[in-house]
Amino acid sequence: MWGVAAVSRIRTIDAIRGVAVLVMIPLHLLLFGGGADWDLSEGGTLSPFPVDMVPPLGTGLILFFFITGMALAVTSVQRGGTQTVGRFGRGVVKRYGMYIFIGAAIQFLLIYLLQPAFGNSGAYQIPMDPVSILQYIFGGGFLTLAQPIIGLSIGAIIAFPFIYRLSWRQLAAAALALAVTIWGVLSLVSVPDFFLLNLFFTDAFAVFKGLTTIFFGAALGKLMMEGKALDRRYVAAALGVVGAYVAVPSLLNGQPLHLALAMWSYPHAIAFITALGVVSLGLFRHFDSSNAGFLAFTVLGRSSFAVYFGHFFLIIAIYAAFMMLGITASAGIVLAEMVLSTSLIWGAAYYFSKRRWGPPSTW
């Protein structure tokens, strides 16, 4: 049963988010800091069966949208009796609006800093006037640093009123209906290349793609807060889905490149992430009930926003150092870089988290 203290529920969500962070850091270091070169410019795919990795179906495989839905659901139930929906909604808009502003500002700054270094080519082939840069940030580029934060934040703001008022069954039904609708639109309609349409529909972390996952996460969060048991059969079925998405493509072409790129085709990504969320929740609820310690996860989970932007600056520094020293990243160098950088980031997150909130064991 889920009838446990609220602090335990929040700790579980932080732990799941922390696992996502622990996967994200070395993955990004491998892709961007290690000198890996992925070419999807001609509509190519690293997946062995027909799965588009480019717009409009290319979708970011991240767990943070699902976790955000869970967190909003848990918080809405906890504060439902102490805050009005208007006051709570203003807090959500303020928080995620700040994330949008910070993400856009950092991306804006990076474009100005990196444009002289890379010239007018590749990912930075955009005009330097402010309006064009803002259009690029909010939908002009298929993959940008701020895109996941912006897509997630806008999705959270849109989702909040529904999460606050709907039951877990209604949220699950809404998620399924939205997934089918968006899939149909993206498959049948030629969406024009316009930055707002990209932001909401076609980019890797487009708002309505992520909104589906947020709703699924919120449904599970509401279920958890209602004290309902998560049937083991559902966890087993979800584990089967996760295993299939990990193993089958690898068996077909002999290498798990679809996982290395962390991209999938919509709606395949929705199924994978939803199943992974169910498995993660079941696993960490078991660990928590057995008093197993998972501070390494909760530390990163609570500081995920700062870690996200911080680790990208580390990647930029590593990449710049490699270029200056003329180093070609070998497998050994990349592996060492991934281990050391992840350890340093976790250590920094632990230090600052302890100073701000006290020892993690008291959270």
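Residues numbered from 1 in each chain as written. Predicted model: local features only at pLDDT ≥ 70, side-chain atom pairs only at ≥ 80, totals over all residues. Heavy atoms only, no water.

Trainee: What am I meant to see in the overall build of the protein chain here?
Mentor: Along its length, the protein chain carries 14 helices and 2 strands. A buried classification covers 48% of the 363 residues belonging to the protein chain. Long-range contacts, defined here as pairs at least 24 residues apart, represent 82% of the contacts in the protein chain between residues at least 6 apart. Working note: accessible area of the protein chain is about 17200 Å², and carbon and sulfur atoms make up 68% of it. (Helix = DSSP H or I, 4+ residues; strand = E, 2+ residues; numbered from the N terminus. Buried < 20%, exposed > 50% of the residue type's maximum accessible area, 1.4 Å probe, protein only. Contact = heavy atoms within 4.5 Å. Areas by Shrake-Rupley, 256 points an atom, 1.4 Å probe, with all protein chains shown as cover.)

Trainee: Explain helix 13 (residues 304-325) here, please?
Mentor: A turn of α-helix holds 3.6 residues, and therefore any two residues three or four places apart point the same way. A rise of 1.5 Å per residue sets the reference length of helix 13, with its 22 residues, at 32 Å; its end C-alpha atoms lie 31 Å apart and thus fit the reference within 8%. For helix 13, every residue scored as buried is listed here: S304, F305, V307, Y308, F309, H311, F312, I315, I318 and F322. One or two steps after helix 13, the chain reaches G326, where phi turns positive at roughly 65 degrees. (Expected span 1.5 Å × (residues − 1).)

Trainee: What is the right way to read a nonpolar patch on the surface from this model?
Mentor: On the surface, M324, L325, I327 and I333 cluster together into a nonpolar patch covering about 420 Å² of accessible area. With respect to the element layout, I327 can be found in the loop between helix 13 and helix 14 (331-357). (Patch = residues over 30% accessible without salt bridge, like charges linked within 9 Å, V, L, I, M, F, W, Y side chains within 5 Å. Salt bridge = Lys/Arg side-chain N within 4 Å of Asp/Glu carboxyl O.)

Trainee: Sorry, what's going on with the side chain of K222 here?
Mentor: Topologically, K222 is positioned in helix 8 (residues 207-225). Polar side-chain contacts of K222 include one of 2.5 Å to the backbone oxygen of L166. (Polar contact = N/O pair within 3.5 Å; in protein donor to acceptor, adjacent residues only side chain to side chain.)

Trainee: Looking at this structure, how should I read unusual backbone geometry?
Mentor: For residues that are not glycine, phi is negative in most cases, and the peptide bond is trans in most cases. Of note, the amide linkage connecting Y266 to P267 takes the cis form, showing an omega dihedral of 10 degrees. Note that P267 resides in the loop between strand 2 (263-265) and helix 11 (268-289).

Trainee: Sorry, what's going on with the packing of aromatic side chains here?
Mentor: The description of an aromatic ring pair rests on the distance of the ring centres and on the angle between the ring planes. All told, the structure shown has 13 aromatic pairs when counted by the stated rule. Residues F201 and F208 carry aromatic rings whose centres are separated by 5.3 Å and whose planes lie at 20 degrees to one another, so their mutual orientation is stacked. An angle of 80 degrees between the planes, with centres 5.2 Å apart, marks the rings of Y308 and F309 as edge-to-face. Classification of Y308 by relative accessible area gives buried; the value is 7%. Among the aromatic residues, ring-to-ring pairing joins Y96, Y99, F305, Y308 and F309 into one connected group. (Phe/Tyr/Trp six-rings, centres within 6.5 Å; stacked < 30°, edge-to-face > 60°.)

Trainee: How should the packing of helix 7 (residues 195-202) against helix 8 be read in this particular structure?
Mentor: Relative placement of two packed helices is described by the angle separating their axes and the distance separating the axes. With their axes 4 Å apart at the nearest point, helix 7 and helix 8 run at an angle of 25 degrees to one another. By the angle class used here, helix 7 and helix 8 are roughly parallel. The segment helix 7 lies against helix 8, with L199, F200, F201 and T202 engaging V207, F208 and K209. Its residues assigned to classes, the contact of helix 7 with helix 8 shows 5 nonpolar, 1 polar and 1 charged. (Axes fitted to C-alpha atoms, helices over the stretch in contact; angles between N-to-C directions. Parallel < 35°, antiparallel > 145°, perpendicular 65-115°, else oblique. Nonpolar A, V, L, I, M, F, W, Y, C, P; charged D, E, K, R; others polar.)

Trainee: Would you mind going over the environment of V307 with me for this structure?
Mentor: Looking at where V307 falls in the secondary structure, it is placed in helix 13. Once residues within four sequence positions are removed from consideration, V307 is found in contact with V21, I25, L300, I345 and A349.

Trainee: Which parts of the structure should I look at to understand empty space enclosed by the protein?
Mentor: In this approach a probe as big as a water molecule rolls over the atoms, and the regions it shows empty are the leftover space. For the coordinates displayed, the defined rule picks out 1 cavity of 30 Å³ or more. A volume near 100 Å³ is recorded for the largest cavity. Taken together, 13 residues make up the lining of the largest cavity; nearest its centre are T59, G60, F65, G210 and T213. When contributions to the lining of the largest cavity are tallied by element, the ones reaching two or more residues are strand 1 (58-60), helix 8 and helix 11. (1 Å grid on protein atoms, 1.4 Å probe; cavity = no way out; pocket = protein on both sides within 12 Å on 5 of 7 lines; lining within 4 Å. Points joined across faces, edges and corners; volume = space filled by probe spheres on them.)

Trainee: I would appreciate a short explanation of the confidence of the model for the protein chain in the present structure.
Mentor: Low pLDDT means the predicted atomic positions in that stretch should not be read closely. Here the protein chain averages 79 in pLDDT, and 76% of its residues register 70 or above. Of the regions scoring below 50 in pLDDT, residues 1-7 engages in 17 contacts with residues more than four places distant in sequence or in other chains. The low-confidence segment residues 36-50 (pLDDT under 50) makes 28 contacts with residues lying over four places distant or belonging to another chain. (pLDDT = per-residue confidence, 0-100.)

Trainee: Hey, could you run me through the packing of helix 6 (residues 168-188) against helix 8 in this one?
Mentor: One way to put it is that helix 6 packs onto helix 8 with a least axis distance of 8 Å and a crossing angle of 165 degrees. Regarding the angle of helix 6 to helix 8, the classification is roughly antiparallel. Crossing angle aside, the handedness with which helix 6 passes helix 8 is left-handed. Residues W168, L171, A172, A174, A175, L176, L178, A179, I182 and L186 of helix 6 pack against F208, K209, L211, T212, F215, F216, A218, A219, K222 and L223 of helix 8. (Left-handed = near helix turned anticlockwise from the far one by under 90°.)

Trainee: Help me understand helix 8 in this model?
Mentor: Compared with the 27 Å implied by 1.5 Å per residue over 19 residues, the 26 Å span of helix 8 between its first and last C-alpha is a close match. In terms of burial, helix 8 is largely enclosed, as 18 of its 19 residues are buried. Once helix 8 finishes, G227 follows within two positions and takes phi at roughly 75 degrees, a positive value.

Trainee: Would you take a moment to explain the side chain of K209 for this structure?
Mentor: Along the polypeptide, K209 turns up in helix 8. It turns out K209 is buried and unbridged, and the closest side chain with the opposite charge, D203, is 7.3 Å from it. A polar contact is formed between the side chain of K209 and the backbone oxygen of P56, at a distance of 2.6 Å. Ignoring anything within four residues of it in the chain, the contact list for K209 reads P56, L57, G58, T59, L186, F201, T202, D203, A204, Y266 and I270. (Lys, Arg positive; Asp, Glu negative; His and termini not counted.)

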